[in-house]
Amino acid sequence: MILEAIMAAIFGLLLGSIPFGLLLTRAAGLGDIRQIGSGNIGATNVLRTGNKALAAATLLLDGLKGLVAVWAAGALLGPGPDVVAGVAAVVGHCFPPWLGFRGGKGVATALGVFLALAWPVFVIAIAVWLAVAKIWKISSLGALSAMGASVIASVVVTPGPVGIGILVIAAFVAMRHQANIERLVKGTEPRIGEGK
């Protein structure tokens, strides 16, 4: 079981570390996304380039990283390692070794993991994220609200190892938003469509 967990972690880290936001913006001739806005490689920062289609593609591909990591590990190694692979994919997205361990904040990848592990949790998280983002026009607030909702939902929907995995991922993503939380408290967090 330990060997399977290690294999799942390595697979998840490698898959999660693919920087789709950076690759897509470079391919589109928009330069290095790390030199724009917040400097993150995720969809929210890609949106700051003004290219909504590219931001949507980044969101989808980053989500697929988490989804595929869980499904593949589950198919090849069984339950347990699939949760490990999901957590590792989020960590890999946030700390890609090829980019000096400076990646995104893991929201889309986390949602992909939630979809693969427990789709009702995913549905609730997405609904909360979209509702909060639409009302307050602040992406980070929507993301943080979605992570909180996912933890609450997982307690009801999927207690046990999967629920623990979701809790770990949500806590990790929230920690990655520390600067955003500080700006939210100060009232200086940029709204969707604005620069940093």
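Reading guide: rules and limits
- Residues numbered from 1 in each chain as written.
- Predicted model: local features only at pLDDT ≥ 70, side-chain atom pairs only at ≥ 80, totals over all residues.
- Heavy atoms only, no water.
- Helix = DSSP H or I, 4+ residues; strand = E, 2+ residues; numbered from the N terminus.
- Buried < 20%, exposed > 50% of the residue type's maximum accessible area, 1.4 Å probe, protein only.
- Areas by Shrake-Rupley, 256 points an atom, 1.4 Å probe, with all protein chains shown as cover.
- Lys, Arg positive; Asp, Glu negative; His and termini not counted.
- Charge placed at Lys NZ, Arg CZ, Asp CG, Glu CD.
- Core = buried A, V, L, I, M, F, W, Y, C linked by side-chain atoms within 4.5 Å.
- Contact = heavy atoms within 4.5 Å.
- Salt bridge = Lys/Arg side-chain N within 4 Å of Asp/Glu carboxyl O.
- Phe/Tyr/Trp six-rings, centres within 6.5 Å; stacked < 30°, edge-to-face > 60°.
- Lys NZ or Arg CZ within 6 Å of the ring centre and 35° of its normal.
- Expected span 1.5 Å × (residues − 1).
- Patch = residues over 30% accessible without salt bridge, like charges linked within 9 Å, V, L, I, M, F, W, Y side chains within 5 Å.
- Arc of directions from axis to C-beta.
- Axes fitted to C-alpha atoms, helices over the stretch in contact; angles between N-to-C directions.
- Parallel < 35°, antiparallel > 145°, perpendicular 65-115°, else oblique.
- Left-handed = near helix turned anticlockwise from the far one by under 90°.
- Nonpolar A, V, L, I, M, F, W, Y, C, P; charged D, E, K, R; others polar.

Engineer: Outline the overall build of the protein, listing residues and values.
Structural biologist: Helix and strand content of the protein: 10 helices and 0 strands. Ordered by position in the sequence, the α and β elements of the protein form the string α-α-α-α-α-α-α-α-α-α. In terms of overall dimensions, the protein has a C-alpha envelope of 45 × 35 × 25 Å along the principal axes. Within the protein, buried positions represent 46% of all 196 residues. Total accessible area computed for the protein in this model is approximately 9,400 Å², and 72% of it derives from carbon and sulfur atoms. Each charge sign in the protein was given a centre, from 14 positive and 7 negative side chains, and these centres are 10 Å apart.

Engineer: Just give me the short version of the nonpolar core, but keep the residues and values in it.
Structural biologist: Core analysis: the biggest nonpolar cluster contains 26 residues, and Val90, Ala110, Leu111, Phe114, Met147, Ile169 and Val173 have the highest contact counts within it. Secondary-structure elements contributing two or more residues to this core are α4 (52-77), α5 (81-94), α6 (107-117), α7 (119-136), α8 (139-157) and α9 (161-176). Considering every element that reaches this core, the biggest residue donor is α6, with 7 residues. In this structure Ala110 touches Val90, Met147, Ile169 and Val173, once residues within four positions along its chain are discounted. The next biggest cluster of nonpolar side chains, apart from the first, holds 7 residues, and it includes Leu22, Ile33, Ala55 and Leu99.

Engineer: Could you give an account of the pattern of salt bridges, naming the residues involved and the relevant values?
Structural biologist: Taken as a whole and judged by the stated rule, the model has 4 salt bridges. In this structure, Asp32 engages Arg26 in a salt bridge whose closest nitrogen and oxygen atoms are separated by 3.5 Å. Here Lys65 and Asp62 are joined by a salt bridge, their closest N and O atoms 3.4 Å apart. Remark: Asp62 and Lys65 occur in helix α4; sequence separation between them is 3 residues, near one turn of the helix. Accessibility expressed as a relative area gives 2% for Lys65, which makes it buried. In this structure Asp62 comes out as buried when scored by relative accessible area, which is 2%. In this structure, a network of salt bridges that share partners links the residues Arg26, Asp32 and Arg34.

Engineer: Summarise the packing of aromatic side chains; cite the residues concerned and give the values.
Structural biologist: Within the structure shown, the criterion is met by 1 aromatic pair. A cation over an aromatic ring shows up here: Arg176 above the ring of Phe95, its NZ or CZ 4.8 Å from the ring centre.

Engineer: Any chance you could break down α8 for me, citing the residues and the numbers?
Structural biologist: The terminal C-alpha atoms of α8 lie 26 Å apart, and with 19 residues this matches the ideal 27 Å at 1.5 Å per residue to within 8%. Listing the buried residues of α8 in full gives Ser139, Ser140, Gly142, Ala143, Leu144, Ala146, Met147, Ala149, Ser150, Ala153 and Ser154. Of the surrounding elements, those touching the buried residues of α8 are α3 (43-47), α6, α7, α9 and α10 (178-186).

Engineer: Lay out a nonpolar patch on the surface with the relevant residues and their values.
Structural biologist: Among the surface-exposed residues, Ile2, Ile6, Ile10, Leu14 and Trp98 lie close enough to one another that they form a single nonpolar patch of about 560 Å² accessible area. For Leu14, the position within the fold is in helix α1 (residues 2-16).

Engineer: How would you explain α1 if you had to name every residue and give the values?
Structural biologist: Given a rise of 1.5 Å per residue, 15 residues ought to cover 21 Å, and the 21 Å separating the end C-alpha atoms of α1 matches this to within 8%. Residues of α1 that are buried: Ala8, Gly12, Leu15 and Gly16. Buried residues of α1, viewed axially, fall in a sector of 90°; they line one side. Exposed residues on α1 whose side chains face more than 90 degrees from its buried face are Ile2 and Leu3. Contacts made by the buried residues of α1 are with α4 and α5.

Engineer: Now, about the packing of α6 against α8: what can you tell me, with residues and values included?
Structural biologist: Packing of α6 against α8 leaves a shortest axis separation of 11 Å and a crossing angle of 25°. Our classification of the angle between α6 and α8 gives roughly parallel. When the axes of α6 and α8 are compared, the crossing they make is left-handed. Across the interface between the two elements, Val107, Ala110, Leu111 and Phe114 of α6 pack against Ala143, Met147 and Ser150 of α8. A class-by-class count of the residues in the contact of α6 with α8 yields 6 nonpolar, 1 polar and no charged.

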